[in-house]
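Next come the chains, spelled out residue by residue.
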Amino acid sequence: MITPGAVNAREVVIAFDHTLQASTSLDAMARSQMLVRNLATAGVPQAMFLIKTKGVDQKDKARLALYSDKGHLLVNAGHGHSLVTKSDLYAYEVGILKANRVLQAYRGYKKHVHFSYLHEHGDVNLQTGLANFLQARGYRPAFTGVNPMRGVDQYLDQLYQKKIRANRPVNMAALEDAYVDFIAQSLAQQDAKAFNLLGYSPRQVLVLQENDLAAYFIVALVDRLHEQGWIMIAAERAMNDPIANPIAANRWGANNYLNSITRLRVLGERKAIVDSFLQNRVPGLVE
């Protein structure tokens, strides 16, 4: 186990996207409870949960309270906005305000915002207007960085759920090893790109999807990252880093130091890579 005093230790925040998913092979609340319990077991001091509030019901609010009460950071990711949404400044502002109205009841919400349009090479006037709107109202930026394999763990979970629905066996030990290896390699690639550009390893934010596999495998994943020299840090600590959160350079801008990745949940050409990897590691998962 690597300790915080280890030489050359690198720091990473665990973040969760696609949060508040409905029940699958696990009941939604049971999944959240398992995830929180296993984050504590793994020694993650504070994770970051990116929250879109459209469709949030009472059960979802109970899950938000669970994350908040356990000390995790809730981040405003808008109401119903997505990367493919075509809208205007007013619509974006309204979405952030709607999400704020839901989240402000939780002590784990500190008015951090992670809003995808701010992180893209889009309309500069819209981005500037949105940044001004957020700054004037006391919102704080949250940034996750760019990882070309972000969202692939959702595909792994989809394959797993398909097997479970069909009452087909899954080699969970092999799937855990594959999940851990794939994500650990993905983080290493993300860090290598930043190191090549900056000459050092900045604090990283590893974005996982909030799903059954994350709940099952987070302890093994964090153990692997510790073995590789990563130190888990609280999400709020990363918000002061000018690279992980480049507000110091250009206020709310984000991914300009790397190429923007806009297909976060669309597998595209990545599917062949992932399928080949899984066929070798978890035979029968991909059919």
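The text that follows walks through the structure, step by step, so that each part is easy to find. (Residues numbered from 1 in each chain as written. Predicted model: local features only at pLDDT ≥ 70, side-chain atom pairs only at ≥ 80, totals over all residues. Heavy atoms only, no water.)

Looking at the pattern of salt bridges
So the rule is basically this: What counts as a salt bridge is simple: a side-chain nitrogen of Lys or Arg found within 4 Å of a carboxyl oxygen of Asp or Glu. Starting at the N terminus, helices and strands are each numbered in turn, a helix being any DSSP run of H or I of at least four residues and a strand any DSSP run of E of at least two. A simple rule labels every residue: compare its accessible area, found with a 1.4 Å probe on the protein chains alone, to the largest value its type can have, and call it buried under 20%, exposed over 50%, or partly exposed in between.
Inspection of every chain in the model, using the stated rule, returns 16 salt bridges. Here Lys-110 and Glu-236 are joined by a salt bridge, their closest N and O atoms 3.4 Å apart. Of this pair, Lys-110 sits in strand E4 (residues 109-113) while Glu-236 sits in helix H8 (residues 235-238), placing them 126 residues apart in sequence. For Arg-281, the salt bridge identified is with Asp-181, shortest N-O distance 2.6 Å. Of this pair, Arg-281 sits in helix H10 (residues 270-281) while Asp-181 is found in helix H6 (residues 172-198), placing the two residues 100 residues apart along the sequence. According to the relative accessible area criterion, Asp-181 is buried, its value standing at 15%. One connected set of salt bridges, linked through shared partners, spans Asp-181, Arg-224, Glu-227 and Arg-281.

A look at the pairing of strand E3 (residues 73-76)
For the record, the criterion: By definition, two strands form a pair when at least two bridges between them are found by DSSP. Consider the strands pointing away from the viewer: the crossover is right-handed when the path from the first strand over the helix to the second runs clockwise.
Burial along E3 is two-sided: the residues Leu-73 and Val-75 and Leu-74 and Asn-76 are all buried. Relative to E3, strand E2 (residues 48-51) is paired through four bridges, and the arrangement is parallel. Bridge pairing links Phe-49 to Leu-74 in E3. This β-α-β element, E2 to helix H2 (residues 58-69) to E3, shows right-handed connectivity.

Details of the environment of Tyr-106
The test is simple: Should any heavy atoms of two residues lie within 4.5 Å, those residues are counted as being in contact.
Secondary-structure assignment places Tyr-106 in the loop between helix H3 (89-103) and E4. Considered as a pair, Tyr-106 and Asp-69 are 37 residues apart in the sequence and their alpha carbons are 8.2 Å apart. Among all residues touching Tyr-106, those that are not within four sequence positions of it are Lys-61, Leu-64, Ala-65, Ser-68 and Leu-74.

Digging into the nonpolar core
Basically, it comes down to this: What makes a nonpolar core is a set of buried Ala, Val, Leu, Ile, Met, Phe, Trp, Tyr and Cys residues whose side-chain atoms join them at distances within 4.5 Å.
In this structure, Phe-16, Tyr-179 and Leu-278 are the most contacted members of the largest nonpolar core, which totals 67 residues. The greatest single-element share of this core, amounting to nine residues, is contributed by H6. The contacts of Phe-16, once residues within four sequence positions are left out, are Leu-35, Leu-39, Ala-47, Met-48, Phe-49, Leu-50, Leu-208, Gln-209, Glu-210, Ala-214 and Ile-218. One finds Val-13, Val-207, Ile-231 and Met-239 within the second-largest nonpolar core, a separate group that totals 15 residues.

Points about the environment of Ser-32
Stated formally: Pairs of N or O atoms within 3.5 Å make up the polar contacts considered here, provided that, within protein, one atom can donate a hydrogen while the other can accept it, and that residues adjacent in sequence are counted only when both atoms are side-chain atoms.
Mapped onto the fold, Ser-32 is located in helix H1 (residues 28-42). Apart from the residues lying within four places of it in its own chain, the contact partners of Ser-32 are Arg-63, Leu-66, Tyr-67 and Glu-210. A polar side-chain atom of Ser-32 sits 2.7 Å from a polar atom in the side chain of Tyr-67.

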